[in-house]
Each structure stands twice: as structure tokens, then as C-alpha cells.
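Observations on the three-dimensional arrangement
Given next are the chains, with one letter for each unit.
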Amino acid sequence: MRISAAAIAALCCAIGTNVAAQQFTMKISSPSANDITTEWMRQMKAGIEGRSGGRVKVEGYPANQLGQLPRAVEGVALGTIEVTISAIGFYVGLEPRFEALEVPGLFDDIRHGLRVLADPETKKVLSTLGASKGIEPMWLGIQAPIALVSHKPVRMLADIKGQKLRTPGPTPIHMEPLRRLGASPLSMGLGEALPAMQNRTIDGALATINVFSVFKYFDVAKSVTHMPQAFLVFAGMANRAWLKSLGPELEAIVREEAAKAESVNMAFGLADLDRAIKTWETNGGVFHVISPPEATRYIEEVRVAVAPILAKQPRVKEDYDALLAIAKRLRQ
């Protein structure tokens, strides 16, 4: 059977159209909801789908819909999830270098931390993180100061002694300072922490007031204490192979929109923190402040606990020293 030239041309045109219209799906997982992470999802969806003409479909899955954090992180490494947003402590199992961002005392406050994370030198230091595991941080942010919600009010460091506390990640840098203060730290996902507090399996949890307010921890415990100079750094982590599969044009769009969303979310995050604090107080929650002398002691305890950890990981120490120098330069 002969096929006319016109038919061949039409077939080629159809094939070309199908290739051009190929659709990619970008699933974004997050453990929280109605906060800066879901705002980032919203902005990414609008920007990427609009600019790509629908060739990249963005699907947001907040509140652990695609699984608890450890499973979501594994999903990104395996390529079954394109992007997940998490506290960086949950990435340390794949890439120990993320620990450099977790040391309390690195940032003075949120604005200082955001300046450090946005600095070109910081981005250069962090650009290769996760490469050997096929992952890449597309977006870095600070959600809020790390806070401790607990059944027993923590007004001073001695009050931590004897408490079982959930940490935002399984890293020694989170756990060892707490052990030095007499606590029993353990890592668990956010979806597990609230029921664990309800049944008194744990005495308290470390996360941020944003998380505690959204998930109504005030129904279980009223007391919150902000830990001195400790901040929850989190990242939107992408699967590198998926990014490359998009082709140069679409990959550039995704990266550009991630950068735009990161910039916009700096202001959103600060406003979201204010809303979370008001929500906590409106529902009967109270805040306790550790005194300046106690705060100084806490940072000293952290440094003592962290020094041997960094000594055993030369690359992590190298990253930490570089970030410390950048933080010093950007201090106002």
C-alpha cells in the first residue's frame, strides 16, 4: 500500500505536535499545610504551568499525603516523587553535608539567616549538595525559630532534663546538645509527633510555632519555648534526573520559577510567623523566653556537643566554616 507524501507530512506533523505537547508531572510533597510550603506550591503551580503552556503539570500534596517525611525523601531519591519540602535534617541520611546548616548559633535571627541563604557564595557552597544521591536543593528557606512545645513548661535549661523530645530530623547536631542537657531526643515525622504527645509517649516536640498552630497542638499542650539562635532551615528537594528529563527550556522555567518563589516567600514567611504566634495565643497558648545568660549557656553547650561531630566529618566542617564566614560578613 502506497502512502502519499501528504499523508506522510501529516503524520510527521502529528508526531511533532505530540512531542511538543508532552506533559510532565511535578508532584510536590510537604509535611505541613496552610503555611509557607503550601504557598510555595501555589506559586510554583501558577508560574510553571503558565509559562510552560501546561507542558509541566504541578500537583501539590501537603500534610503528608504522599507519605511521612522519611518515605517522601526516599521517593525523591528514587524518582517516584519529583520534589519534597522538608526540614533539612531529614536529608542528612542521604547527604551528611546538610548538617552544616543545622548548627544553632549560625544565624542571629530570621532576616540574617535569609540574607545568608540568598547570598551567591552560599548558593555556590550548597550547589553540589545531594549530587551523588541524585537530589538537588531547588529552594532553601527558614520557616521560623525552632520551638519546643511541651506538657511541662520549659523556662530554663534545667527544665529540659528528663524529657523525651521529638527532634526535627535524626541528626546528631539536633540530638547531642539535648542529651548534654539531660533530655532523651528521638526523631519522628510530624504526623507521628502529635498523637505521641496526646498519649504521652513523648513529653514534647521540637518544630516551629507555624507547625504547632496549623496542627492545633494547643489542644494538647499550651507551653512553647523558642530555643536560642536555632532556626528550622528547610529545602525544596528535587530529583536531578527528572529535572534533566524536562529538556533545557522547561528545566530553565522550573528553576527560574523556584527562584522567584523563594524570593517572594521571604516576606510571606515573616507574615506567616506573626499569624502563627497570634493563633497560638488566641487559643490559650503561652510562650516562655529563656534568659540571656541561659541562652549563652545553651550556645556554649551546642558548641561543645557539635565540635567532635564536625571533627569526624571534614567536608561538613568545611561547609560549616564557609557558612560561618558568610554569616559574619552579612551580620549587621
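Below or above, wherever it landed, is the structure these notes cover.

Definitions and cut-offs
- Residues numbered from 1 in each chain as written.
- Predicted model: local features only at pLDDT ≥ 70, side-chain atom pairs only at ≥ 80, totals over all residues.
- Heavy atoms only, no water.
- Buried < 20%, exposed > 50% of the residue type's maximum accessible area, 1.4 Å probe, protein only.
- Helix = DSSP H or I, 4+ residues; strand = E, 2+ residues; numbered from the N terminus.
- Arc of directions from axis to C-beta.
- Contact = heavy atoms within 4.5 Å.
- Axes fitted to C-alpha atoms, helices over the stretch in contact; angles between N-to-C directions.
- Parallel < 35°, antiparallel > 145°, perpendicular 65-115°, else oblique.
- Left-handed = near helix turned anticlockwise from the far one by under 90°.
- Nonpolar A, V, L, I, M, F, W, Y, C, P; charged D, E, K, R; others polar.
- Expected span 1.5 Å × (residues − 1).
- Phe/Tyr/Trp six-rings, centres within 6.5 Å; stacked < 30°, edge-to-face > 60°.
- Lys NZ or Arg CZ within 6 Å of the ring centre and 35° of its normal.

1. Some words on helix α3 (residues 69–78)
When α3 is considered as a whole, its buried residues turn out to be L69, A72, V73, G75 and V76. Projected onto a plane normal to the axis of α3, the buried residues spread over an arc of 155° and lie on a single side. If you follow the buried residues of α3, they end up packed against β1 (24–29), β3 (83–87), β4 (135–150) and β8 (223–239). Looking at the residues trailing α3, positive phi occurs at G79, about 95°.

2. Quick look at the packing of helix α6 (residues 172–180) against helix α11 (residues 292–311)
Pairs of packed helices are described in terms of their axes, by the angle between the two and the distance that separates them. Running from N to C, α6 and α11 point in directions that differ by 135°, and their axes come no closer than 9 Å. By the angle between their directions, the pair α6 and α11 is classed as oblique. Crossing of α6 against α11: the hand is right-handed. Residue-level inspection shows P172, I173, E176, P177 and R180 of α6 in contact with α11, the latter providing E301, V302, V304, A305, V306, I309 and L310. Classifying every residue of the contact of α6 with α11 by side-chain character gives 9 nonpolar, no polar and 3 charged.

3. Examining helix α12 (residues 314–329)
Along its 16 residues, α12 runs 23 Å from first to last C-alpha, staying within 8% of the 22 Å computed at 1.5 Å per residue. Those residues of α12 that fall on the buried side of the exposure criterion are V316, D319, Y320, L323, I326 and A327. Looking straight down α12, one finds that the buried residues subtend no more than 125° of arc, so they occupy a single side. More than 90 degrees from the buried face of α12, the exposed residues found are P314, E318 and K328. Check the buried side of α12 and you find it contacts α4 (110–118), α5 (120–126) and α11.

4. A short note on the packing of aromatic side chains
A complete count under the given rule lists 7 aromatic pairs for this structure. Ring centres 4.5 Å apart and planes at 5° place the aromatic pair W40 and W139 in the stacked group. Here W139 lies in strand β4 and W40 lies in helix α2 (residues 36–52), a separation of 99 residues in the sequence. Here the two residues W40 and W139 agree in accessibility, since each one is buried. Relative to W280, the ring of F212 has its centre 6.5 Å away and its plane inclined at 50°; by these criteria the two rings are tilted. Of this pair, F212 sits in helix α8 (residues 209–214) while W280 sits in helix α10 (residues 248–282), placing them 68 residues apart in sequence. According to the relative accessible area criterion, F212 is buried, its value standing at 0%. Judged by its relative accessible area of 0%, W280 falls in the buried class. Taken together, the aromatic side chains of F212, Y217, F218 and W280 make up a single cluster linked through ring pairs. The lysine or arginine in question, R275, covers the ring of F268, its NZ or CZ lying 5.2 Å from the ring centre.

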